[in-house]
Amino acid sequence: MKSLIAILLSVGSLYGANLKAGIGRVEITPAGPIWMSGYAARTHPSDGVLTRLWARALAIESGPGARIVIVSTDVVGVPRAVSEQVAARVEKEYGLKRSQWLINASHTHTGPVVWPNLENLTVFPAAEQEKLLVYQRRFIDAVVAAIGGAIGDLAPATLEYGEGSAAFAIDRRQAAPTGVKIGVNPEGPVDHVVPVLKITGADGKLRAALFGYACHNTTLTAETYQLSGDYAGFAAAKLEQQHPGATALFLMLCGADQNPNPRGTVELARQYGDALAAEVDRVISTSMKPVAGPVRTALRLTPLRLAMRTRPDFETELKSSTPAQVRRAQLMLKLLDSGQTIDRIDYPVQAVRFGRGLTLVALGGEVTVDYALRLKREYRGEPIVVAGYSNDVMCYIPSARVLREGGYEANDSMIYYGQAGPFAEDVEERIVAGVRQVMKDVGR
Ligand SMILES: [Zn+2]
């Protein structure tokens, strides 16, 4: 038995031998006070730093032209306007096609605004708006530099995959007399799996750990004005502290309708971060599954439809007592006046497959947990990780069930994202059809 395991392990490392990995990282902590994103209730810019914020990049290459760069960022969401600028630069500077890199936002609610993400959440004073434009440029430079750093660092590496679990996420869609409200729902669906990709250098030393979790990065609430990466930031910092020289990259999975429970204090954020780090540490110390090449990638834009809304709807909304709703109505009327489409979202769906050992599906927007549970059910036999919050965070992505039930993720959140209204009822089927296409592209 022992020799069989030894043979399997050596086959594994032989397979892994064709892979190279590289890591790049650039700090993105704002230089001074800046408006924070995620909560509408904030009344002033940040007033300190609790943990430093990072853009961390992991490049993996299986041969000429077969590579992926995964970028993890400590921000609430990266909008399309920003990822398109990064795309143009990394194509020019490093020859990366759009399918060959992905950017994931940790969804920390104690990070800076990445303009124009969540553009209708807050009206900023003019001077603050100017600071956000400066930060947006710095953020783009940092992501491009982190990607370049990762590519420049490519060296032979061994990749292994394993899974653990953490229990602090709870479904947050609580039934109330007025419909579904944000609370706690112990009966609701959760995905407690913690996927871990371990990257070891030729010298046997840990170089990086890519890990994920499906839970809003919102242990800290609107009263917190200190910048931080919340639980995900604490988890990465802890892992890096315990493995000097290694980089820990967090991927936000399909946690749009999941919250840490309980929440509200720095101590809890640190506690969840420590728990996640301990679980990643446990998984990487076990015997994991070897991951080999080739690296195959695909990204497609899937057109999604919003429910029909007309000019008279928005003219009525102009009289609303909710300021954000009035602003949304003004925005929509302006778009309609200039002849623009308001009922369609070009939605990014990406698949990254490593040999036959692992497939990462990266979806745009704040994706509800039903998508991960469904895709994991439908694609069995080979590990699959489903990330949300990738490449463009343009709104929440309710499943058919969540859309039907209503509540914040289905309806109200669309106002803050400056979207015309809720999705049409075929949203889940369109997204799953998009996933089937990219999965076919990578041979699944
Ligand atoms: Zn959110």
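Please refer to the structure higher up on the page.
Computed from a prediction, not measured in an experiment: that's the story for all the values here. (Residues numbered from 1 in each chain as written. Predicted model: local features only at pLDDT ≥ 70, side-chain atom pairs only at ≥ 80, totals over all residues. Heavy atoms only, no water.)

Time to look at the coordination of the zinc ion. Every protein donor of the zinc ion is listed here as H107 (NE2), H216 (NE2), E366 (OE) and Y396 (OH), and their distances to the metal cover 2.0 to 2.7 Å. Classification of the site at the zinc ion as irregular follows from its four donor atoms and the range of 77 to 172° in their angles at the metal. Along the chain, the residues donating to the zinc ion are arranged with the sequence spacing H-x108-H-x149-E-x29-Y. Note that H216 is positioned in the loop between strand 11 (206-213) and strand 12 (226-227) and E366 in strand 19 (residues 366-367), a separation of 150 residues in sequence. You can call H216 buried: its relative accessible area is 1%. (Donors = N, O, S within 2.8 Å, 3.2 Å for Na, K, Ca; no water. Tetrahedral: all angles 85-135°; square planar, octahedral: opposite > 155°, others 65-115°. Helix = DSSP H or I, 4+ residues; strand = E, 2+ residues; numbered from the N terminus. Buried < 20%, exposed > 50% of the residue type's maximum accessible area, 1.4 Å probe, protein only.)

The next point concerns the packing of aromatic side chains. In total, this model carries 12 aromatic pairs according to the counting rule given. For the pair W115 and F124, a centre-to-centre distance of 6.0 Å together with 80° between the ring planes defines the contact as edge-to-face. Judged by its relative accessible area of 12%, F124 falls in the buried class. Ring geometry for F168 versus Y213: centroids 4.7 Å apart, planes at 50°, classification tilted. Of this pair, F168 sits in the loop between strand 6 (155-165) and strand 7 (169-171) while Y213 sits in strand 11, and the two are 45 residues apart along the sequence. With respect to class, F168 is no different from Y213; both count as buried. Ring pairing ties together the aromatic residues F168, F211, Y213, Y231, F250 and Y272, which thus form one cluster. Lying over the aromatic face of W54, R25 brings its terminal NZ or CZ to 4.2 Å of the ring centre. R42 extends its terminal NZ or CZ atom over the ring of Y225, reaching a point 5.8 Å from the ring centre. (Phe/Tyr/Trp six-rings, centres within 6.5 Å; stacked < 30°, edge-to-face > 60°. Lys NZ or Arg CZ within 6 Å of the ring centre and 35° of its normal.)

Attention now moves to unusual backbone geometry. In this model, W115 is joined to P116 through a cis peptide bond whose omega is 5°. For the bond from N261 to P262, the omega torsion is -5°, close enough to zero to count as cis. Tracing the backbone through its elements, the reader meets P262 in the loop between strand 14 (258-260) and helix 5 (266-284). Unusually for a residue other than glycine, D230 sits at a positive phi of about 55°. You can see D230 is positioned in helix 4 (residues 230-242). Residue class for D230 comes out buried when judged on its relative accessible area of 0%. One non-glycine residue, Y389, adopts positive backbone phi at about 55°.

For the pair helix 4 and helix 5, interaxial distance at closest approach is 7 Å and the crossing angle is 50°. Here helix 4 lies oblique to helix 5, going by the angle between them. Crossing geometry of helix 4 relative to helix 5 is assigned as right-handed. Taken together, the residues of helix 5 that come into contact with helix 4 (itself represented by D230, Y231, F234, A235, K238, L239 and Q242) are V266, A269, R270, Y272, G273, D274, L276, A277, V280 and D281. Here the residues of the contact of helix 4 with helix 5 sort into 10 nonpolar, two polar and five charged. (Axes fitted to C-alpha atoms, helices over the stretch in contact; angles between N-to-C directions. Parallel < 35°, antiparallel > 145°, perpendicular 65-115°, else oblique. Left-handed = near helix turned anticlockwise from the far one by under 90°. Contact = heavy atoms within 4.5 Å. Nonpolar A, V, L, I, M, F, W, Y, C, P; charged D, E, K, R; others polar.)

Counted by the stated rule, this structure contains 33 salt bridges. Two residues, R173 and E409, come together in a salt bridge whose shortest N-O distance is 2.8 Å. Pair noted here: R173 is in strand 8 (residues 173-176) and E409 is in the loop between helix 9 (400-405) and helix 10 (412-416), with a separation of 236 residues, a long-range link. Judged by relative accessible area, R173 falls into the buried class, the value being 4%. The shortest N-O distance in the salt bridge between D441 and R300 comes to 2.8 Å. A residue pair is termed long-range when its members are at least 10 positions apart, and D441 in helix 11 (residues 427-441) and R300 in strand 16 (residues 295-305) qualify at 141 residues. Three or more residues joined by partner-sharing salt bridges are found here, namely R172, R173, D257, D370, R401, E405 and E409. (Salt bridge = Lys/Arg side-chain N within 4 Å of Asp/Glu carboxyl O.)

Attention now moves to the pairing of strand 13 (residues 247-252). Among the six residues of strand 13, six are classified as buried, and the element is accordingly described as predominantly covered. Taking every second residue as pointing to the same face, both faces of strand 13 are buried, with T247, L249 and L251 on one and A248, F250 and M252 on the other. By the bridge criterion, six bridges tie strand 11 to strand 13 in an arrangement that is parallel. Paired with L210 across the two strands is L249, which belongs to strand 13. (Pairing = 2+ DSSP bridges.)

If you walk across this open sheet you meet the four strands as 16-17-18-20, and the pairing is mixed. One side of each edge strand has no neighbouring strand; the edge strands of this open sheet are strand 16 and strand 20 (384-387). Mean inter-strand twist for the sheet, computed between neighbouring axes without regard to direction, equals 15°. Strand direction decides the pairing type here: strand 16 and strand 17 (residues 344-354), joined by 11 bridges, are antiparallel. Bridge pairing links R305 to R344 in strand 17. Relative to the sheet, helix 11 contacts strand 16, strand 17, strand 18 (358-363) and strand 20, its axis offset from that of strand 16 by approximately 155°.

Another aspect to go through is the environment of V196. Summarising the element assignment, V196 is placed in strand 10 (residues 193-201). Using a relative accessible area of 0% as the deciding quantity, one classes V196 as buried. Through-space distance from the C-alpha of V196 to that of L96 is 25 Å; in sequence the pair is 100 residues apart. Look past the residues within four positions of V196 in its chain and what remains in contact with it is E160, Y161, G162, L210, F211, V280, V283, I284 and M288.

A few words on the side chain of E317. Mapping E317 onto the fold places it in helix 6 (residues 311-317). In contact with E317, not counting residues within four places along its chain, are R309, Q325, V326, R328 and A329.

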